[in-house]
Amino acid sequence: MKLTDNLIAAANKASHSKHKSRFDSLAEILSSEGKDIDKVLEKLEDFQVAIPSWALGAGGTRFGRFGFKGEPSNLEQKIDDVGMLHKLTQTAGAVSLHIPWDVPQDYNTIKELAASHDIIFDAVNSNTFQDQKDSRASYKHGSLSNTNKTSRDQAVAHNIEVIKIGDKLGSKSLTVWLADGSNFPGQTNFQHALQHTEESLKTIYKALPEDWKLFIEYKPYEPNFYSTVIQDWGTSFMLANACGDKAYTLVDLGHHLPNTNIEQIVSTLMMKGKLGGFHFNDSKYGDDDLTVGSVKPYALFLIFNALVYGMENNPQNPYPAWMIDASHNIKDPLEDLIQSLEAIQEAYAKALLVDQTQLAVAQEAQDVVKCQEILQQAYRTDVRPLLEKARLNQGGAIRPIEAYRSLSIRKQLIKERGEHSVASGL
Ligand code: AOS
Ligand code: ZN
Ligand code: ZN
């Protein structure tokens, strides 16, 4: 199923006049406050988030997985789904492939398909957290950090292979997330594990094409519950520095212990020019992979405030690669992704409305109350009409969830793919 402009226009009909009056009144208020609405709209339109190829089917936990009818069962169908999301939201202009779950069979066909949906290939993701059927060595006791050289070499070779696959598609970055760690005290020598990891990463780094970046993800626990080799941003930052200029830290919102000040981590990394990638999700307890903004929307806004500040004031930091990293156990994955995209844009729009000049004055004057008022003034603004306008300007749906439902997209997908199709992934 491919969404046409006519279908989108039909879906927009019902909400058009409501949108117009809501947008006009917000525009009047924001203009009277001296806000440049066109600039905000332009930034929202430019903001594109990659959809990971593993997020389009139902996710699961180790206790079970409840499949979702009409799931994409091959890479072509996954790209079609991202195309659908992009058409509706105009925010999902990239896909992030997972290797080996989504190795293209025919590169030209896949590239043409993605281009037909206006989608580019963002970071490619390696997988050294599972043993593959034909693998010589096991990752049971780690990959890049393993005490066994054969396992380390295999993991390094896999990452280099992933770079080659990504290169054929036009990707420009590799994301490495390591599950390596230990479950019991005394199980590993921390120093050896870190040394091995650093050496392995340096070897992978050497294989990067000139215009590529390496993103190093960190995570405090899971799947290991006593220690993780790259447990925090400091370790990732240290490894990125050891590799070189093309290596960066990747922040995943779910990879922090409760109450960690993520906005401060973002600020520090951007000041040092080392925030390369960003994974969006939300959580209550740990790496829950919940819909973005569903639990802690104010925290997300504060993080975006730090990101906006960094994007405006830190030319030493490259433009980060954005990706949603969530899995969906009970919702329709496409509806869940639409909700995440909306929450991301909402937090971004609010952060763009923060009066940075006034905030700097209030901070200098040590006026704590004023500082909070400035942030909350932006946060309390209902920016949804701006999001609607940004989508409409680019041919998207005013209200993507409503359009998705009124166009009976899931019903169509079930008709095309059947009730029992299964997507590879988490
Ligand atoms: C795992 O917890 C990480 O968030 C990864 O970024 C990702 O989910 C994994 O690499 C999927 O392949
Ligand atoms: Zn992640
Ligand atoms: Zn994660």
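Preceding block: the structure.
Keep in mind that what you see is a predicted model, and the values were worked out from it rather than measured.

With respect to the pairing of strand 13 (residues 321–324)
For a regular strand, the rule is simple: side chains alternate between the two faces of the sheet. Here strand 13 shows a buried face lined by Ala321 and Met323 and a second buried face lined by Trp322 and Ile324. Bridge analysis of strand 12 (residues 275–280) against strand 13 gives 4 bridges, and the strand direction is parallel. Directly across from Phe280, in strand 13, lies its bridge partner Ile324. On the question of chirality, the crossover connecting strand 12 to the parallel strand 13 by way of helix 10 (residues 297–313) is right-handed.

Observations concerning the packing of helix 3 (residues 37–46) against helix 11 (residues 333–352)
Helix packing for two helices is described by the angle between their axes and how far apart those axes are. Close contact between helix 3 and helix 11 brings their axes to 10 Å; oriented N to C, the two are set at 150°. Both helix 3 and helix 11 take part in a crossing whose hand is right-handed. Across from Val40, Lys43 and Leu44 in helix 3, the residues of helix 11 making contact are Gln345, Tyr348, Ala349 and Leu352. Here the contact of helix 3 with helix 11 is built from residues that sort into 5 nonpolar, 1 polar and 1 charged.

What to know about the environment of Ala155
Relative to the elements of secondary structure, Ala155 occurs in helix 6 (residues 149–169). A C-alpha to C-alpha distance of 9.6 Å links Ala155 and Ser138, two positions 17 residues apart in sequence.

Structural notes on the packing of helix 12 (residues 356–364) against helix 13 (residues 368–379)
Direction vectors running N to C along helix 12 and helix 13 enclose 160°, while the axes themselves pass 8 Å from each other. As summarised for this structure, helix 12 and helix 13 are arranged roughly antiparallel, according to the angle between their axes. For the element pair helix 12 and helix 13, the recorded crossing hand is left-handed. In this structure, helix 12 contributes Gln358, Leu359, Ala362 and Gln363 to the contact, and helix 13 contributes Lys370, Cys371 and Ile374. Within the contact of helix 12 with helix 13, the residues separate by chemical class into 4 nonpolar, 2 polar and 1 charged.

Structural notes on unusual backbone geometry
With an omega of 20°, the peptide bond between Ile99 and Pro100 qualifies as cis. For Pro100, the position within the fold is in the loop between strand 4 (94–96) and helix 5 (107–116). Each neighbour pair has its own omega, and for Glu222 with Pro223 the value is 10°, a cis peptide bond. For Pro223, the location among the structural elements is in the loop between strand 9 (213–217) and strand 10 (227–228).

Some remarks on the pairing of strand 7 (residues 173–176)
The alternating pattern of strand 7 places Ser173 and Thr175 and Leu174 and Val176 on opposite faces, both of which are buried. Examined bridge by bridge, strand 6 (residues 124–125) and strand 7 share 2 bridges and lie parallel to one another. Across the sheet, Asn125 pairs through a bridge with Thr175, a residue of strand 7. As a crossover connection, the stretch from strand 6 through helix 6 into strand 7 is right-handed. Bridge count between strand 7 and strand 9: 4 bridges; the pairing is parallel. Residue Thr175 lies in a different strand from strand 9, and its bridge partner there is Phe215.

Describing the nonpolar core
Membership of the largest hydrophobic core comes to 108 residues, with the highest contact counts inside it found for Val95, Leu214, Ile216 and Val266. A per-element tally of this core places helix 11 first, with 10 residues. Look past the residues within four positions of Leu214 in its chain and what remains in contact with it is Leu174, Val176, Ile204, Tyr205, Leu208, Cys243, Lys246, Ala247 and Tyr248.

Section: the environment of Lys246
Tracing the chain through its elements places Lys246 in the loop between helix 8 (233–243) and strand 11 (247–252). On the basis of neighbour count, Lys246 is assigned to the partly exposed category, with 17 C-beta atoms found within 10 Å. With 166 residues separating them in the primary sequence, Lys246 and Gln412 have C-alpha atoms 43 Å apart. Those residues in contact with Lys246 that lie beyond four places of it in its chain are Leu208, Trp212, Lys213 and Leu214.

Cut-offs applied
- Every chain is numbered on its own, with residues counted from 1 as its sequence reads.
- Chain labels run from A onward and ligand labels from 1 onward, assigned in the order the entries are written.
- In keeping with the model being predicted, local features are shown solely for residues with a pLDDT of at least 70 and side-chain atom pairs are shown and tallied solely at 80 or more, while totals for entire chains, interfaces and linings include all residues.
- Residues are called buried when their C-beta atom has 20 or more other C-beta atoms within 10 Å, exposed when it has 12 or fewer, and partly exposed otherwise; all C-beta atoms are positioned from the backbone.
- Numbering of helices and strands starts at the N terminus; helices are DSSP runs of H or I of at least 4 residues and strands are runs of E of at least 2.
- For two strands to pair, DSSP has to find at least two bridges joining them.
- For the handedness criterion, the strands are oriented away from the viewer, and a crossover whose path from the first strand over the helix to the second runs clockwise is classed as right-handed.
- Axes here refer to lines fitted to C-alpha atoms; in helices the fit is confined to the stretch in contact. Angles between the N-to-C directions go from 0 to 180 degrees.
- When the near helix sits turned anticlockwise from the far one by under a right angle, the crossing is termed left-handed; a clockwise turn instead gives a right-handed crossing.
- With C-beta atoms placed from the backbone, a contact is any residue pair whose C-beta atoms sit within 7 Å.
- Any residue that is not Ala, Val, Leu, Ile, Met, Phe, Trp, Tyr, Cys, Pro, Asp, Glu, Lys or Arg is counted as polar, Gly included; the first ten are nonpolar and the last four charged.
- An angle counts as roughly parallel when it lies under 35 degrees, as roughly antiparallel when it exceeds 145, as roughly perpendicular when it falls between 65 and 115, and as oblique in every other case.
- Each nonpolar core reported here comprises buried Ala, Val, Leu, Ile, Met, Phe, Trp, Tyr and Cys residues connected via C-beta atoms within 7 Å.

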